[in-house]
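Overview (structure and organization)
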Amino acid sequence: MPETVVTNDDLSRIMDTSDEWISSRTGIRERRLVKDETTASMSIKASIRAMENAGVTADEIDLIIVATVTGDHVTPSTACEIQAAIGADKAVAFDINAACSGFLFALHIADAYLKIGTYKTALILGAETLSRIMDWSDRSTCVLFGDGAGAAIVRADQTGLLAYDQGSDGARGMVLACPNRSNNNPLVKNPTDMKFVNMDGQEVYKFAVTTVPSSINKVLAEAGLTTEDIDYFALHQANIRIIQAVAKRLKVSEDKFPTSLDHCGNISAASVPILLDEMNQKGLLKPGMKIVLSGFGGGLTWGSAVIEW
Ligand code: UT7
């Protein structure tokens, strides 16, 4: 994550908000925002750490997938920037856009490639500099998000993926949207320049609390498991009330839902891998544990997985 911590109180000094409003509605107390860091620079650091943790060298990596909606360039992709920086010369590298579900989609794509034998070792990331695409005059949205990157190595002989569910509902896509740059070609008379995130928070909330429990129930059924078999539910870190509502609908204790949103905010595609890394650093994860991962957000998209650690 970037170095600079921005607390709710810091935000209340530059806009009409308060720690009380943000923390009581979302559980977020602070987030990290980039100053000099970029999506690629954070991704490269995360990739190097993931390679060290996994004991994998750059020449072993043959697939790099980055889930991001905030790559530094339209092209080259963040994945290609990582490839060059770490020297993974024989890897194929590309980005995907599935917003907050992106890391789950990247995991599933990697698993599919690895299972059919095309590649053996994948480096997958969720990475975002969301602060670049926020409307900082829209207090209802900008206070929710943060910046960061998370990486994982997935290997063909141990992908760990036991079951998977993913979906999209493009018809509802505009409830969480960010326009790309406007068209300024000579045929366009009045190009607009609206390029920040706009969100109908309540619609996204309703989508999350209905879709996530049903997606998790689907992956559990596919894996032949029940909620009792699961050690942890590592969900996209959007809002503590969404996590509590999902726990309630699944009838699972909130203790099984670790969180990082209090100090990270919502980092879209990066939130699940950063949460997993924090759980790993704290020593919570033991070989053989079964963990449900779930991401949901822009698109609209959602993805859930049962993994064995
Ligand atoms: O990755 C997925 C990302 N999306 C999400 O996670 C969004 C899910 N949705 C939510 O988490 C909630 O809908 C929000 C936290 C975004 C908003 O909570 P809410 O309870 O739905 O609040 P609201 O939008 O209905 O706003 C209530 C009031 C309004 O004032 P009035 O009209 O009642 O006077 C807002 O103007 O709160 C006001 N408000 C704020 N006040 C202080 C909105 N943002 C702020 C703010 N500080 N930052």
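It should be emphasised that the depicted structure is a prediction, and the values quoted were computed from it without experimental measurement.

What follows deals with the site of the ligand. In the neighbourhood of the ligand, 22 residues make up the surrounding shell, with Thr 17, Gly 201, Gln 202, His 236 and Asn 239 lying closest. Between the ligand and Trp 21, the relevant distance is 3.0 Å, taken from an oxygen atom to a side-chain nitrogen or oxygen of the residue. The side chain of Gln 202 places a nitrogen or oxygen atom 2.8 Å from an oxygen atom of the ligand. Mapped onto the shell around the ligand, the elements with two or more residues apiece are α2 (19–26), α6 (139–142), α7 (201–223) and α8 (240–250).

As a further point, take the sheet that holds strand β7 (residues 161–168). Strand order in the open sheet formed by four strands is β7-β12-β11-β10, with mixed pairing between adjacent strands. Every other strand in the sheet has two partners, leaving β7 and β10 (232–235) as the edge strands with one partner each. Within this sheet the neighbouring strands show an average axis-to-axis angle of 10°, counted without direction. Contacts from α7 reach β7, β10, β11 (290–297) and β12 (301–308), with the element oriented near 35° to β12. Sitting on the sheet, helix α10 (residues 271–281) is in contact with β10 and β11, with an inclination near 140° to β10.

In this section: the packing of aromatic side chains. Here the structure, examined in full by the defined rule, presents three aromatic pairs. For the ring pair Tyr 113 and Tyr 119, a centre distance of 5.1 Å and an interplane angle of 65° mean the geometry is edge-to-face. Residue class for Tyr 113 comes out partly exposed when judged on its relative accessible area of 29%. By relative accessible area, which is 18% here, Tyr 119 ends up buried. Both rings, one in Phe 233 and one in Phe 257, keep their centres 4.8 Å apart while their planes meet at 10°; by these two values the pair is stacked. On the criterion of sequence distance, the pair formed by Phe 233 in strand β10 and Phe 257 in the loop between α8 and α9 (261–264) is long-range, its members being 24 residues apart.

What follows covers helix α5 (residues 102–115). In an α-helix, one full turn covers 3.6 residues, which means residues spaced three or four apart are oriented alike. The end-to-end C-alpha distance of α5, which contains 14 residues, comes to 20 Å, matching closely the 20 Å that a straight helix rising 1.5 Å per residue would cover. Residues Gly 102, Phe 103, Leu 104, Phe 105, Ala 106, Leu 107, Ala 110, Asp 111 and Leu 114 constitute the buried set of α5. One or two residues past the end of α5 sits Gly 117, with phi positive at roughly 90°.

Attention shifts here to the layout of surface pockets. Approximately 1100 Å³ is the volume attributed to the largest pocket. Around the largest pocket, the lining comprises 35 residues; the ones closest to its centre are Ala 50, Asn 53, Ala 151, Ala 152 and Asp 277. Those elements that provide at least two residues to the lining of the largest pocket are α3 (39–54), α5, β6 (147–155), α10 and β12. Broken down by element, the lining of the largest pocket gets its largest block of residues, eight residues, from α3. Taken as a whole, the second largest pocket spans an internal volume of roughly 940 Å³. Per-class residue counts for the lining of the second largest pocket are 16 nonpolar, 12 polar and five charged.

Membership of the largest hydrophobic core comes to 44 residues, with the highest contact counts inside it found for Ile 216, Phe 233, Leu 235, Val 246, Phe 257, Phe 296 and Val 306. Those elements that place two or more of their residues in this core are α7, β10, α8, β11 and β12. The element that contributes the greatest number of residues to this core is α7, accounting for eight residues. Core analysis: the second largest hydrophobic core is formed by 31 residues, Leu 63, Leu 104, Ala 269 and Leu 293 among them.

Reading across the sheet, the four strands line up as β4-β3-β5-β6 and stay open at both edges, with mixed pairing between neighbours. Two strands lie at the open edges of the sheet, namely β4 (92–96) and β6, each paired on one side alone. With direction set aside, neighbouring strand axes in the sheet form an average angle of 15°. Direction of pairing for strand β5 (residues 121–129) relative to β6: antiparallel, over a ladder of nine bridges. Looking at β6, one finds that Thr 129 is bridged to Asp 147. Against the sheet, α10 touches β5 and β6, its axis set at about 75° to β6.

Let's shift gears to the packing of α3 against helix α4 (residues 78–86). Where α3 meets α4, the closest approach of the two axes is 9 Å, and the angle between their N-to-C directions is 55°. With respect to α4, the element α3 is oriented oblique. Here the hand of the crossing between α3 and α4 comes out right-handed. Here Thr 39, Ala 40, Ser 43, Ile 44, Ser 47, Ile 48 and Met 51 of α3 lie close against α4, whose contacting residues are Thr 78, Glu 81, Ile 82, Ala 85 and Ile 86. Tallied by class, the residues present in the contact of α3 with α4 amount to seven nonpolar, four polar and one charged.

Rules used throughout
Residues numbered from 1 in each chain as written. Predicted model: local features only at pLDDT ≥ 70, side-chain atom pairs only at ≥ 80, totals over all residues. Heavy atoms only, no water. Near = heavy atom within 4 Å. Polar contact = N/O pair within 3.5 Å; in protein donor to acceptor, adjacent residues only side chain to side chain. Helix = DSSP H or I, 4+ residues; strand = E, 2+ residues; numbered from the N terminus. Pairing = 2+ DSSP bridges. Axes fitted to C-alpha atoms, helices over the stretch in contact; angles between N-to-C directions. Contact = heavy atoms within 4.5 Å. Phe/Tyr/Trp six-rings, centres within 6.5 Å; stacked < 30°, edge-to-face > 60°. Buried < 20%, exposed > 50% of the residue type's maximum accessible area, 1.4 Å probe, protein only. Expected span 1.5 Å × (residues − 1). 1 Å grid on protein atoms, 1.4 Å probe; cavity = no way out; pocket = protein on both sides within 12 Å on 5 of 7 lines; lining within 4 Å. Points joined across faces, edges and corners; volume = space filled by probe spheres on them. Nonpolar A, V, L, I, M, F, W, Y, C, P; charged D, E, K, R; others polar. Core = buried A, V, L, I, M, F, W, Y, C linked by side-chain atoms within 4.5 Å. Parallel < 35°, antiparallel > 145°, perpendicular 65-115°, else oblique. Left-handed = near helix turned anticlockwise from the far one by under 90°.

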